[in-house]
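Coordinate inspection notes
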Amino acid sequence: DDISVYQSLQKIIDYLEKNDLDTLHAETQILIKPGFQFRIINGMITNFHQPKSTLLLLVSAFIGGNWRKIYDYALSHGFRFLSYGDSSLLLKE
């Protein structure tokens, strides 16, 4: 069933309170790729990632085809890539 973002977050809060926890540790094997529907965030801060990486899939899913334009700009202006490189603020249009 499709539940709202509010309901989802409230379920997590309820679980934490019921189990007297202040931290939740979990893992997933979800791969965010183009076509994924973001429901909570309107912006993202991230580094510039390698071609064909799953992190680039995440960026592409978030901003669509414009990722190529942004990356071309970064390459032509000497931005640094990878973990210790420059970062970008990506906002939904």
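The sections below set out a description of the structure shown in this document.

**Thoughts on the overall build of the chain**
Regarding its fold elements, the chain presents 3 helices and 2 strands. Its C-alpha atoms give the chain a radius of gyration of 17 Å, more than 25% over the compact-globule value 12 Å for 93 residues. Taken along the three principal axes of its C-alpha coordinates, the chain extends 55 × 30 × 20 Å. The burial tally for the chain puts 19% of its 93 residues in the buried class. In the chain, 58% of the contacts between residues at least 6 apart in sequence involve partners at least 24 apart. Put simply, the chain shows about 7800 Å² of open surface, and 54% of that area lies on carbon and sulfur atoms. Separation between the mean location of the 9 positive side-chain charges and that of the 10 negative ones in the chain comes to 12 Å.

**A look at unusual backbone geometry**
Keep in mind that most residues, glycine aside, have a negative phi and that most peptide bonds are trans. Positive phi is not limited to glycine here, since D20 has a value of about 50 degrees. Mapped onto the secondary structure, D20 falls in the loop between helix 1 (5–18) and strand 1 (43–47). One non-glycine residue, K52, lies in positive phi territory at about 65 degrees. Along the polypeptide, K52 turns up in the loop between strand 1 and helix 2 (54–63).

**Topic: the environment of R80**
On the secondary structure map, R80 appears in the loop between helix 3 (66–76) and strand 2 (87–91). Ignoring any residue separated from it by four or fewer positions in sequence, one finds R80 in contact with F48, G85 and D86.

**Observations regarding the packing of aromatic side chains**
One pass over the structure, following the stated rule, counts 8 aromatic pairs. Relative to Y71, the ring of F48 has its centre 5.3 Å away and its plane inclined at 75 degrees; by these criteria the two rings are edge-to-face. One end of the pair, F48, is in the loop between strand 1 and helix 2; the other, Y71, is in helix 3, with 23 residues separating them in the sequence. Residues F48 and Y71 agree in their burial class; the two are buried. Ring geometry for F48 against F79: centres 5.6 Å apart, planes inclined by 70 degrees, an arrangement best described as edge-to-face. Of this pair, F48 sits in the loop between strand 1 and helix 2 while F79 sits in the loop between helix 3 and strand 2, and the two are 31 residues apart along the sequence. Overall, the relative accessible area of 31% leaves F79 in the partly exposed class. Grouping aromatic residues by their ring pairs yields a cluster made of F48, W67, Y71, Y73, F79 and F81. Geometry around F62 places K92 over its ring, the cationic atom sitting 5.1 Å from the centre.

Cut-offs used in this document
Residues numbered from 1 in each chain as written. Predicted model: local features only at pLDDT ≥ 70, side-chain atom pairs only at ≥ 80, totals over all residues. Heavy atoms only, no water. Helix = DSSP H or I, 4+ residues; strand = E, 2+ residues; numbered from the N terminus. Rg over C-alpha atoms; globule rule 2.2 N^0.38 Å. Buried < 20%, exposed > 50% of the residue type's maximum accessible area, 1.4 Å probe, protein only. Contact = heavy atoms within 4.5 Å. Areas by Shrake-Rupley, 256 points an atom, 1.4 Å probe, with all protein chains shown as cover. Lys, Arg positive; Asp, Glu negative; His and termini not counted. Charge placed at Lys NZ, Arg CZ, Asp CG, Glu CD. Phe/Tyr/Trp six-rings, centres within 6.5 Å; stacked < 30°, edge-to-face > 60°. Lys NZ or Arg CZ within 6 Å of the ring centre and 35° of its normal.

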